[in-house]
Amino acid sequence: MDLLDRLLEHDRWGTATLLERSRGLTGDQLDQRFDIGHETILTTFNHIVYYTGFWTRVMTGEPAENERADRSVADLIDRHEREYAR
């Protein structure tokens, strides 16, 4: 396994772990505003998962999706698994 594979696997694992641990949060907790970054946990996860797929497509020469809508944690977990499988 080379360094890039290790870094990508760590990113996959770390994001998956955070998403799994967020399953039990309420809608209010997921949408609670913070004065940093993307302002909520849900919009931060949406950003992370969306750009995993976006940059994979850009680097492989595929058309990049322009869809970026807030999703449930379960939807984000599914999308995260699909994007990393690519």
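The structure displayed is predicted, hence computed values, not measured ones.

## Comments concerning helix H3 (residues 41-60)
Line of reasoning, step 1. For H3, built from 20 residues, the straight-helix expectation of 28 Å at 1.5 Å per residue is met to within 8% by its first-to-last C-alpha distance of 29 Å.
Line of reasoning, step 2. For H3, every residue scored as buried is listed here: Leu-42, Phe-45, Asn-46, Val-49, Tyr-50, Thr-52, Gly-53 and Arg-57.
Line of reasoning, step 3. The inward-facing, buried residues of H3 contact helix H1 (3-21), helix H2 (27-30) and helix H4 (73-85).
Line of reasoning, step 4. One or two positions beyond H3, positive phi appears at Gly-61, with a value near 80°.

## Quick notes on the packing of aromatic side chains
Line of reasoning, step 1. Considering all chains together, one arrives at four aromatic pairs under this definition.
Line of reasoning, step 2. Each ring, one from Tyr-50 and one from Tyr-51, has its centre 4.7 Å from the other, and the planes form 85°; the classification is edge-to-face.
Line of reasoning, step 3. According to the relative accessible area criterion, Tyr-50 is buried, its value standing at 5%.
Line of reasoning, step 4. Joined through ring pairs, the aromatic side chains of Tyr-50, Tyr-51, Phe-54 and Trp-55 make up one cluster.

## With respect to the pattern of salt bridges
Line of reasoning, step 1. The final tally for this structure, using the stated rule, is five salt bridges.
Line of reasoning, step 2. Between Glu-83 and Arg-57 there is a salt bridge whose closest N-O contact spans 3.0 Å. With Glu-83 in helix H4 and Arg-57 in helix H3, the pair connects residues that are 26 residues apart, well separated along the chain.
Line of reasoning, step 3. Across the pair Glu-83 and Arg-79 runs a salt bridge whose closest N-O atoms are separated by 3.6 Å. Residue Glu-83 and its partner Arg-79 are both found in helix H4; the two are separated by four residues, about one turn of the helix.
Line of reasoning, step 4. We classify Glu-83 as buried; its relative accessible area is 6%.

What counts and how
Residues numbered from 1 in each chain as written. Predicted model: local features only at pLDDT ≥ 70, side-chain atom pairs only at ≥ 80, totals over all residues. Heavy atoms only, no water. Helix = DSSP H or I, 4+ residues; strand = E, 2+ residues; numbered from the N terminus. Expected span 1.5 Å × (residues − 1). Buried < 20%, exposed > 50% of the residue type's maximum accessible area, 1.4 Å probe, protein only. Contact = heavy atoms within 4.5 Å. Phe/Tyr/Trp six-rings, centres within 6.5 Å; stacked < 30°, edge-to-face > 60°. Salt bridge = Lys/Arg side-chain N within 4 Å of Asp/Glu carboxyl O.

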